[in-house]
Amino acid sequence: MQKLKVLFAASEAFPFAKSGGLADVIGALPKAFSPDEVDVRVVIPKYGSIPKEFVDKMWLVDVFYVRIGYTDVYAGIMTYKKDHVTYYFVDNEYYFKRPGLYGYYDDGERFVYFSRVVLEMLPFIDFYPDVLHCHDWQTALVPFLLKEQYQHHYLNTKTVFTIHNMKFQGRYGFHDLQGVLNIDYLPPSLEYYGEINLMKGALCSADLVTTVSPSYAEELKDPYYGEGLDGVMRDITYKTVGILNGIDTSVYSPKTDPHIYKNYINSIEKKRMNKTRLQEDLGLPVDPQVPMLVMISRLDEQKGIDLITAVIHEILQLDLQFVVLGTGNSHYEYLLSDVAATYPNKMRSLIQFDEPLSHKLYAAADLFLMPSKFEPCGLSQMIALRYGAIPIVRETGGLRDTVQYFNASEKTGNGFTFATYNAHDLLFTIQKAVGMYHHDPDNWAALELNATKSDFHWRKSASEYLYFYKKITGNIKI
Ligand code: ADP
């Protein structure tokens, strides 16, 4: 049987370049496919920040030029193979050798360039994919360009576009990108209220659109979540599907995690040692009995920080300790630090991005807080479950698909949830959770067991993607 050929195009991939969950997906999903079944390759920009250990091992495949505006612009294609996945890196120092990944005045132009290179590099790498799988606004132009300008070059290539976060769409004024796109009128599929919307172009042009959880796929049809593209999402229901992300279970494993104080599996005692060691390190009162509530998050409105701050003093009246690890909006950073200073025996606010520390916190946590306003998928709650930290989440997007309210009479469910974006609903849910921890050890043990048994392996997601790849390429009949 011939292998299916798949090319992932994205703006980041762990461990080469990461700014968020997208990198984790691009780093983990390709290697979850069986190499006997799928030849999966990945292309990302060659950023200046890619660690030297990888750059030193890359080699140059070829060099060519792409037309951007009136100029022919250099494109070097470097490659490197890791875990049976071939990675390509688009080398152009003018566009990509800068600190960080995004946030530049010319991000639109940088990713128009990248998208064009993705389409023009295929003969140079001698790889004509059956499926070109693009991710988020940075590569949203690829399905559009393939359909509008490159169709006759790549007759057998289908496109998949995955929405990781609808909030970022790549919106630009027509005149900002007109030149680099070489267009003299605004094509209807790119047009959004007289401007360019790259995400819309992908939604209209791709053969299949996916989102990172089934609930988010539904929610995006609603104006509350759709960020202005809910109408388009309703129109393309027929080609939209939600596939839940997984987590890298070899990285997030309390049994083998090198970052945590004490490795454990099914042992409340050993888990509690992680808590008491963390309490010591943070200068909190050392007490294995007090429940530790943890939040690890970007400090962004999306993550429901407003709900927490609205009832923070009530939360801190409960018999618990609260530790926050996060960076982001400086308003939240100051606010959380101020509150922590007011409750030195109960709360710590760690305003930093620290991967090893995050592992220590997952291992120490009894409860994990994630009351998001919207959540396309969310990885943190899945990681928390794996470490036996019981999530308290709002029922939205991927949180709704991964955390179910614990039903004490049937012993089902793996966490605590609430529906409405309301601070007192959150408070009430935390009170219930803390109450069960202190006063109902049997149910708490049942809940812990359910939590650690939750399965979010990437294999599951990969088999779903494969099913849809085969469907759009006509390899199977549905
Ligand atoms: P998002 O991608 O929207 O930020 P996710 O829950 O999908 O949220 O993924 C967040 C990831 O980033 C998780 O792996 C989480 O542990 C990690 N993370 C978030 N903030 C920090 C931080 N301050 N330090 C270390 N890791 C963090």
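Before reading further, recall that the structure is shown in the block above.
Structural notes, computed from the coordinates. Note that the structure is predicted; figures quoted are calculated from it, not measured.

Conventions and cut-offs
Residues numbered from 1 in each chain as written. Predicted model: local features only at pLDDT ≥ 70, side-chain atom pairs only at ≥ 80, totals over all residues. Heavy atoms only, no water. Helix = DSSP H or I, 4+ residues; strand = E, 2+ residues; numbered from the N terminus. Rg over C-alpha atoms; globule rule 2.2 N^0.38 Å. Contact = heavy atoms within 4.5 Å. Areas by Shrake-Rupley, 256 points an atom, 1.4 Å probe, with all protein chains shown as cover. Lys, Arg positive; Asp, Glu negative; His and termini not counted. Charge placed at Lys NZ, Arg CZ, Asp CG, Glu CD. Near = heavy atom within 4 Å. Polar contact = N/O pair within 3.5 Å; in protein donor to acceptor, adjacent residues only side chain to side chain. 1 Å grid on protein atoms, 1.4 Å probe; cavity = no way out; pocket = protein on both sides within 12 Å on 5 of 7 lines; lining within 4 Å. Sits in = over half its atoms within 2 Å of the grid points. Nonpolar A, V, L, I, M, F, W, Y, C, P; charged D, E, K, R; others polar. Buried < 20%, exposed > 50% of the residue type's maximum accessible area, 1.4 Å probe, protein only. Salt bridge = Lys/Arg side-chain N within 4 Å of Asp/Glu carboxyl O. Arc of directions from axis to C-beta. Pairing = 2+ DSSP bridges. Points joined across faces, edges and corners; volume = space filled by probe spheres on them. Domains from an automatic or database assignment. Axes fitted to C-alpha atoms, helices over the stretch in contact; angles between N-to-C directions. Parallel < 35°, antiparallel > 145°, perpendicular 65-115°, else oblique. Left-handed = near helix turned anticlockwise from the far one by under 90°. Phe/Tyr/Trp six-rings, centres within 6.5 Å; stacked < 30°, edge-to-face > 60°. Lys NZ or Arg CZ within 6 Å of the ring centre and 35° of its normal.

What about the overall build of the protein?
Here is step 1 of the chain: Broken down by element type, the protein carries 21 helices and 18 strands.
Here is step 2 of the chain: Here the protein has a C-alpha radius of gyration of 23 Å; the compact-globule value for 478 residues is 23 Å, and the two agree.
Here is step 3 of the chain: Taking the principal axes of the C-alpha coordinates as reference, the protein spans close to 70 × 45 × 45 Å.
Here is step 4 of the chain: Taking the intrachain contacts of the protein between residues at least 6 apart in sequence as the baseline, contacts between residues at least 24 apart amount to 70%.
Here is step 5 of the chain: Surface summary for the protein: the accessible area is close to 19700 Å², and the carbon and sulfur share equals 51%.
Here is step 6 of the chain: Positive and negative charge centroids in the protein, built from 47 and 57 side chains respectively, lie 5 Å apart.

Regarding the site of the ligand
Here is step 1 of the chain: The local shell around the ligand holds 19 residues, among which Arg 298, Lys 303, Gln 352, Tyr 362 and Ser 380 are the closest.
Here is step 2 of the chain: A distance of 2.7 Å is found between an oxygen atom of the ligand and a side-chain nitrogen or oxygen belonging to Arg 298.
Here is step 3 of the chain: One of the side-chain nitrogen or oxygen atoms of Lys 303 is found 2.9 Å away from an oxygen atom of the ligand.
Here is step 4 of the chain: In isolation the ligand has 570 Å² of accessible area, and contact with the protein removes 91% of it.
Here is step 5 of the chain: Given that more than half its atoms are within 2 Å of the pocket grid, the ligand belongs to the largest pocket.
Here is step 6 of the chain: Among the secondary structure elements, those contributing two or more residues to the shell around the ligand are strand 13 (292-299), strand 14 (321-328), helix 16 (355-364) and helix 17 (380-386).
Here is step 7 of the chain: For the shell around the ligand, the per-class residue count stands at eight nonpolar, seven polar and four charged.

Things to note about the side chain of Arg 394
Here is step 1 of the chain: Relative to the helices and strands, Arg 394 is located in strand 17 (residues 390-394).
Here is step 2 of the chain: Put simply, Arg 394 is tucked away with no salt bridge, and the nearest opposite charge, on Glu 219, sits 6.0 Å away.
Here is step 3 of the chain: Of note is the side chain of Arg 394, whose polar atom sits 3.0 Å from the side chain of Tyr 225.
Here is step 4 of the chain: Separated by 2.7 Å, the side chain of Arg 394 and the backbone oxygen of Lys 373 make a polar contact.
Here is step 5 of the chain: In this structure, Arg 394 is in contact with Tyr 224, Tyr 225, Met 370, Pro 371, Ser 372, Lys 373, Leu 399, Phe 418, Ala 419, Thr 420 and Tyr 421, ignoring residues within four places of it in sequence.

Some remarks on the environment of Leu 447
Here is step 1 of the chain: Mapped onto the fold, Leu 447 is located in helix 20 (residues 441-453).
Here is step 2 of the chain: Note on Leu 447: relative accessible area 0%, which makes it buried.
Here is step 3 of the chain: Spatially, the C-alpha atom of Leu 447 lies 16 Å from that of Leu 293, the residues being 154 residues apart in sequence.
Here is step 4 of the chain: In this structure, Leu 447 is in contact with Ile 390, Phe 406, Gly 413, Asn 414, Gly 415, Phe 416 and Met 436, ignoring residues within four places of it in sequence.

Structural notes on helix 7 (residues 174-181)
Here is step 1 of the chain: When helix 7 is considered as a whole, its buried residues turn out to be Phe 174, Leu 177, Val 180 and Leu 181. Seen along its axis, helix 7 keeps its buried residues to an arc of 145°; they face one direction.
Here is step 2 of the chain: Of the surrounding elements, those touching the buried residues of helix 7 are strand 3 (59-68), helix 4 (107-120), helix 6 (141-148), strand 8 (171-172), strand 10 (195-197) and helix 8 (198-205).
Here is step 3 of the chain: After helix 7 finishes, the residue Asn 182 shows a positive phi value of roughly 60°.

Structural notes on the pairing of strand 4 (residues 71-82)
Here is step 1 of the chain: In this structure, strand 3 lies alongside strand 4, joined through nine bridges in antiparallel fashion. Looking at the pairing, Asp 62 lines up with Ile 77 of strand 4.
Here is step 2 of the chain: The antiparallel pairing of strand 3 with strand 4 creates a hairpin that spans two residues between the two strands, and Gly 69 there sits at a positive phi of about 65°.
Here is step 3 of the chain: Both strand 4 and strand 5 (residues 85-91) contribute to a ladder of seven bridges, which runs antiparallel. Its bridge partner lying in strand 5, Tyr 80 is registered against Tyr 87.
Here is step 4 of the chain: Between strand 4 and strand 5, which follow one another and run antiparallel, lie two residues, and Asp 83 among them has a positive phi close to 45°.

Remarks on the side chain of Ser 253
Here is step 1 of the chain: In this fold, Ser 253 is placed in the loop between strand 12 (240-242) and helix 12 (268-282).
Here is step 2 of the chain: Setting aside its immediate chain neighbours within four residues, Ser 253 contacts Arg 386 and Tyr 387.

Remarks on the layout of surface pockets
Here is step 1 of the chain: Roughly 1200 Å³ of internal volume is contained in the largest pocket.
Here is step 2 of the chain: Lining the largest pocket are 45 residues, and of these Ser 19, Gly 20, Gly 21, Leu 22 and Arg 298 lie nearest its centre.
Here is step 3 of the chain: Residues of the lining of the largest pocket, tallied by class, amount to 19 nonpolar, 16 polar and 10 charged.
Here is step 4 of the chain: Each of domain 1 (4-246 + 459-473) and domain 2 (268-456) contributes no fewer than three residues to the lining of the largest pocket.

Quick look at the packing of helix 6 against helix 8
Here is step 1 of the chain: Interaxial distance between helix 6 and helix 8 falls to 7 Å at its minimum, and their mutual angle equals 55°. Taken together, the axes of helix 6 and helix 8 lie oblique to each other. As for how helix 6 packs across helix 8, the hand of that crossing is left-handed. Residue-level inspection shows Leu 141, Pro 143, Phe 144 and Lys 147 of helix 6 in contact with helix 8, the latter providing Leu 198, Gly 201, Ala 202, Cys 204 and Ser 205.
Here is step 2 of the chain: Looking at the contact of helix 6 with helix 8, its residues break down into six nonpolar, two polar and one charged.

Details of the packing of aromatic side chains
Here is step 1 of the chain: What the rule picks out here adds up to 29 aromatic pairs.
Here is step 2 of the chain: Judged by centre distance (6.3 Å) and plane angle (50°), the ring pair of Tyr 95 and Phe 96 falls under tilted. With respect to class, Tyr 95 is no different from Phe 96; both count as buried.
Here is step 3 of the chain: Here the aromatic rings of Tyr 465 and Tyr 469 are separated by 6.3 Å at their centres, their planes lie at 35°, and the arrangement is tilted. Here Tyr 465 pairs with Tyr 469, and both are found in helix 21 (residues 458-473), just four residues apart, close to one helical turn.
Here is step 4 of the chain: The exposure class assigned to Tyr 465 is buried, which follows from its relative accessible area of 3%.
Here is step 5 of the chain: Three or more aromatic residues joined by ring pairs make a cluster, and in this case those are Tyr 47, Tyr 94, Tyr 95, Phe 96, Tyr 102, Phe 111, Tyr 113, Phe 114, Trp 137 and Tyr 172.
Here is step 6 of the chain: The cationic tip of Arg 98 hangs over the ring face of Tyr 94; the distance from NZ or CZ to the ring centre is 5.6 Å.
Here is step 7 of the chain: One residue, Arg 98, lies across the ring of Tyr 104, its end atom 4.9 Å from the ring centre.

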